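What follows is the residue order along each chain.
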Amino acid sequence: MVSEVRTRQLLRSAFRDLGDTALKRRQLIKGGLGLGALTLAGSGLMVSLGARNSGAVARSISSAKRQMPIPMQLESINDAQLELTMGAGEWEILPGIKTPTTGFNGPCLGPTVRVRNGQDVPVIYRNTLTESIAVHGHGLHVPGEVDGGPQREIEPGGSWSLELPIRQQACTSWYHPHTHGRTGPQTYKGLAGFIIIDDENSDSLPLPKTYGVDDLPVVIQDRALNSQGRLIYSVEDAEDGLMAETITVNGIANPVRAVPAGLVRLRLLNGSNARYYRFRFSDDRVFYKIATDGGFLEEPVPIREVVMLPGERNEIVVDFSDGNPAMLVSGPGLIGAANTERRDRDNRERGDGDSRERRDEDSRERRNGDGRRRRNDWEPGGMNDAFDILEFTVDPRLPALRGPLPRSLNTISRPTVRNDWPVRRFELFMDDDDRRRRLLFGRREDGEMSMGINGRPMDMQVINERVRRNQWERWVVRSYDGSHPFHVHGCSFLLLSQEGRPVSDENAGWKDTVRVDDRAEFIVRFDHEAKDEYPYMYHCHILEHEDRGMMGQFTVT
Ligand code: C2O
Ligand code: CU
Ligand code: CU
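Residues numbered from 1 in each chain as written. Chains lettered and ligands numbered in written order. Predicted model: local features only at pLDDT ≥ 70, side-chain atom pairs only at ≥ 80, totals over all residues. Heavy atoms only, no water.

**Considerations on the overall build of the protein chain**
Okay, so step 1: When you go through the protein chain residue by residue, the secondary structure sums to eight helices and 35 strands.
Okay, so step 2: When each of the 557 residues of the protein chain is scored for burial, the buried share is 60%.
Okay, so step 3: Within the protein chain, contacts between residues at least 6 apart in sequence are counted, and of these 78% link residues at least 24 apart.
Okay, so step 4: Accessible surface computed for the protein chain: about 22,100 Å², of which carbon and sulfur atoms make up 46%. (Helix = DSSP H or I, 4+ residues; strand = E, 2+ residues; numbered from the N terminus. Buried < 20%, exposed > 50% of the residue type's maximum accessible area, 1.4 Å probe, protein only. Contact = heavy atoms within 4.5 Å. Areas by Shrake-Rupley, 256 points an atom, 1.4 Å probe, with all protein chains shown as cover.)

So, in structure tokens, the structure goes:
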């Protein structure tokens, strides 16, 4: 705690004492207050475990290991306003190579905003960049007015002060740009951070909770860098969702993390624009899923792999008490290997390796078939691409929490679905060879694919749905063109079924983003208001799909 206070003071004085924004930023970077800083709770020391740039010549730059940085925490004590300043900087995604990036209060990504249920948190976002940016709190149940959708653009040089009324259970959420048509490139450049909500339940559960030691925020994002170390974001390549080959964790490639010989909690966030992951450990060890997007599961669910789509969060607990190191990896995994081979073979036979073509081909196949998805034929989002994500080593000197895990984590009161609840249907589409859509919508003038929901692309002037507050509804989401992570603002929902199947234990918790390959159904209720001026959004969380119109607006009154 001592160290956190110090961090906050440092941050505050850094802002107070310097007039010039650029200078401020430089100071913040030097002071290690951005991503490079780690607060070792309890030790009273601020230890920078960030980019350890030893000057030693690495044989292969890209394989050099660095400790995974931990974003500093930003808390509002005594109603102090949290300052989140967006600015440009340089950041070593690869060791020794300076990449121009953007971040909040630092060169890349941003601090972890730590709040409690019941708190009213004053926040100010400042924009020192040269383009307008809207910033959204993904996973927050807050009124539309402070949701930070595309209606809330912050001009260059401008700021937005708001108060976030936190009225929801403990969970891991995040903040990121939500600018109309530019969410993809802005998030890609580095603007994103965690929001962690605590409550009495999370306080009392005997789970790992020493931030930065056995409770680790872990955001996974894929990036492409050119030979000068600049981020590549090409609109053409990204048309159907940007996927790249350099995997970063908390902003850096090839991270390693020393953890205690005990239980370690990972707050996983897929912060990628479009890539799906199938995470597991190199030794195929069992780990426990304890929380989904919106809060704790009722009990820990033992699993060996977890699939995560863009925007999704999962908290998992891994047992390192045997002292064995392990690598978090992503790829074909336990049940996927055969599928990859089959897909590769199919693609070879088709003679096309292009993902756009493949996706079209796949969706056409599915539509022309018996209408039932053949699960094993098709793995979207690059989910079968094999990557090393994050290496763990065990340091027995770190304070360790030993098991067992609590048997009960949460109570989820699931209402019985009633026939008189309103039903809303959403159909996600991307233009392809479908003649009807081509006739109706054609290609967009700029030649980009057109995408949308229920037959129309996102239009800032149109409210697509009007929802009644405090009323349970059933939402049915269908995709006829590929797989999509469907996200809804202002709520958490409970799945009823996915792809026509009952919901697995690990997906039975509160969620705000769900995989829709073909069909997902969930029940949802909104507790806050969103009026016409600042409506909520629902959209595909493949950011390029969102930017190209796979999004809609709705009010809650
Ligand atoms: Cu994470 Cu509307 O977004
Ligand atoms: Cu959101
Ligand atoms: Cu999509």
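**Remarks on the coordination of the copper ion (ligand 2)**
Okay, so step 1: Surrounding the copper ion (ligand 2) are the protein donor atoms His-136 (NE2) and His-487 (NE2), which sit 1.9 Å from the metal. Taken together, the positions of His-136 in strand β9 (residues 135-138) and His-487 in strand β29 (residues 484-488) put the pair 351 residues apart, joining distant regions of the chain. Taken individually, His-136 and His-487 each receive the classification buried, so the pair is uniform in this respect. (Donors = N, O, S within 2.8 Å, 3.2 Å for Na, K, Ca; no water.)

**A few points about the pairing of strand β35 (residues 551-556)**
Okay, so step 1: Burial within β35 is extensive, with six of its six residues counted as buried.
Okay, so step 2: For strand β27 (residues 465-467) and β35, the ladder comprises three bridges, and the chain directions are parallel. Paired with Glu-465 across the two strands is Phe-554, which belongs to β35.
Okay, so step 3: Bridge count between strand β34 (residues 536-540) and β35: four bridges; the pairing is antiparallel. (Pairing = 2+ DSSP bridges.)

**Things to note about the sheet that holds strand β4 (residues 73-75)**
Okay, so step 1: The five strands are arranged β4-β7-β12-β11-β9 in an open sheet whose pairing can be described as mixed. Single-partner strands in this sheet number two, and they are β4 and β9. Each neighbouring strand pair of the sheet contributes to a mean axis angle of 25°, computed without reference to strand direction.
Okay, so step 2: Two strands pair when backbone bridges link them, and β4 and strand β7 (residues 112-116) are joined in this way by three bridges, in the parallel orientation. Its bridge partner being in β7, Gln-73 is matched across the sheet by Thr-112. (Axes fitted to C-alpha atoms, helices over the stretch in contact; angles between N-to-C directions.)

**Considering the coordination of the copper ion (ligand 3)**
Okay, so step 1: Note on the copper ion (ligand 3): its protein donors are His-484 (ND1), Cys-540 (SG) and His-545 (ND1). The metal-donor distances range over 2.0 to 2.1 Å.
Okay, so step 2: Read in sequence order, the donor residues coordinating the copper ion (ligand 3) give the pattern H-x55-C-x4-H.
Okay, so step 3: For Cys-540, a relative accessible area of 0% corresponds to the buried category.

**So, the pattern of salt bridges**
Any two side chains of opposite charge can pair, on the condition that their charged atoms come close.
Okay, so step 1: Taken as a whole and judged by the stated rule, the model has 34 salt bridges.
Okay, so step 2: Between Arg-265 and Asp-215 there is a salt bridge whose closest N-O contact spans 3.9 Å. Remark: Asp-215 occurs in strand β13 (residues 215-223) and Arg-265 occurs in strand β17 (residues 263-270); sequence separation between them is 50 residues. With respect to class, Arg-265 is no different from Asp-215; both count as buried.
Okay, so step 3: One salt bridge connects Asp-385 with Arg-275, and the closest N-O pair in it is separated by 2.9 Å. Taken together, the positions of Asp-385 in the loop between α6 (355-368) and β24 (387-394) and Arg-275 in the loop between β17 and β18 (277-281) put the pair 110 residues apart, joining distant regions of the chain.
Okay, so step 4: Relative accessible area serves as the criterion here: at 24%, Asp-385 is assigned to the partly exposed category.
Okay, so step 5: Residue classification places Arg-275 among the buried residues on the basis of a relative accessible area of 1%. (Salt bridge = Lys/Arg side-chain N within 4 Å of Asp/Glu carboxyl O.)

**Some remarks on the sheet that holds strand β25 (residues 423-430)**
Okay, so step 1: The mixed open sheet is built from six strands, whose spatial order is β26-β25-β28-β33-β30-β31. This sheet does not close on itself; its edge strands, each paired only once, are β26 (451-453) and β31 (501-502).
Okay, so step 2: As judged from the five bridges shared by strand β30 (residues 493-498) and strand β33 (residues 519-524), these two strands associate in the antiparallel manner. Each bridged residue has a counterpart across the sheet, and for Phe-493 the counterpart in β33 is Val-524.

**Notes on the confidence of the model for the protein chain**
Okay, so step 1: Predicted confidence across the protein chain gives a mean pLDDT of 83, with 77% of residues reaching 70 or more.
Okay, so step 2: Within the model, pLDDT remains below 50 along residues 336-377, and this stretch shows 61 contacts once partners closer than five positions in the same chain are excluded. (pLDDT = per-residue confidence, 0-100.)

**Observations concerning the nonpolar core**
Okay, so step 1: Among the nonpolar cores identified, the biggest contains 33 residues, and Leu-266, Leu-268 and Ile-389 are the most heavily contacted of them.
Okay, so step 2: Setting aside residues up to four positions removed in sequence, Ile-389 forms contacts with Ile-220, Ile-247, Val-249, Pro-255, Tyr-277, Phe-279, Met-327, Leu-328, Val-329 and Ser-330. (Core = buried A, V, L, I, M, F, W, Y, C linked by side-chain atoms within 4.5 Å.)

**Focus on the side chain of Ser-497**
Okay, so step 1: Along the chain, the position of Ser-497 falls in strand β30.
Okay, so step 2: Residue class for Ser-497 comes out buried when judged on its relative accessible area of 12%.
Okay, so step 3: When sequence neighbours within four positions are dropped, the list of residues in contact with Ser-497 reads Val-503, Ala-520 and Glu-521.

**A word on the side chain of Arg-280**
Okay, so step 1: Its location among the elements puts Arg-280 in strand β18.
Okay, so step 2: For Arg-280, a relative accessible area of 17% corresponds to the buried category.
Okay, so step 3: Only 3.0 Å separates the side chain of Arg-280 from the side chain of Asp-284, close enough to count as a polar contact. (Polar contact = N/O pair within 3.5 Å; in protein donor to acceptor, adjacent residues only side chain to side chain.)

**Thoughts on unusual backbone geometry**
Among all residues except glycine, the phi angle is most often negative; among peptide bonds, the trans geometry is most common.
Okay, so step 1: Residue Pro-404 is reached from Gly-403 by a cis peptide bond, and omega for that bond is 0°.
Okay, so step 2: Looking at where Pro-404 falls in the secondary structure, it is placed in the loop between β24 and β25.
Okay, so step 3: Non-glycine residue Asn-454 carries a positive phi angle of around 50°.
Okay, so step 4: Looking at the element boundaries, Asn-454 is found in the loop between β26 and β27.
Okay, so step 5: At Asn-470, a residue that is not glycine, the phi angle is positive and equals roughly 60°.
Okay, so step 6: Looking at the element boundaries, Asn-470 is found in the loop between β27 and β28 (473-479).

**Let's talk about the environment of Gln-186**
Okay, so step 1: The residue Gln-186 is located in helix α3 (residues 183-188) in this model.
Okay, so step 2: The buried category is assigned to Gln-186, whose relative accessible area is 3%.
Okay, so step 3: The spacing of Gln-186 and Gly-103 is 83 residues in sequence and 9.9 Å in space, taken between C-alpha atoms.

**Considerations on the packing of aromatic side chains**
Okay, so step 1: Evaluation of the coordinates by the stated rule reveals 23 aromatic pairs.
Okay, so step 2: Here the aromatic rings of Phe-486 and Tyr-538 are separated by 6.0 Å at their centres, their planes lie at 35°, and the arrangement is tilted. Of this pair, Phe-486 sits in strand β29 while Tyr-538 sits in strand β34, and the two are 52 residues apart along the sequence.
Okay, so step 3: Residue class for Phe-486 comes out buried when judged on its relative accessible area of 0%.
Okay, so step 4: Note on Tyr-538: relative accessible area 2%, which makes it buried.
Okay, so step 5: Put simply, the rings of Phe-426, Trp-475, Phe-486, Phe-493, Phe-522, Phe-526, Tyr-536, Tyr-538 and Phe-554 touch in pairs and so form one group of aromatic residues.
Okay, so step 6: One cation-aromatic arrangement involves Arg-285 over Phe-281; the distance from NZ or CZ to the ring centre is 5.9 Å. (Phe/Tyr/Trp six-rings, centres within 6.5 Å; stacked < 30°, edge-to-face > 60°. Lys NZ or Arg CZ within 6 Å of the ring centre and 35° of its normal.)

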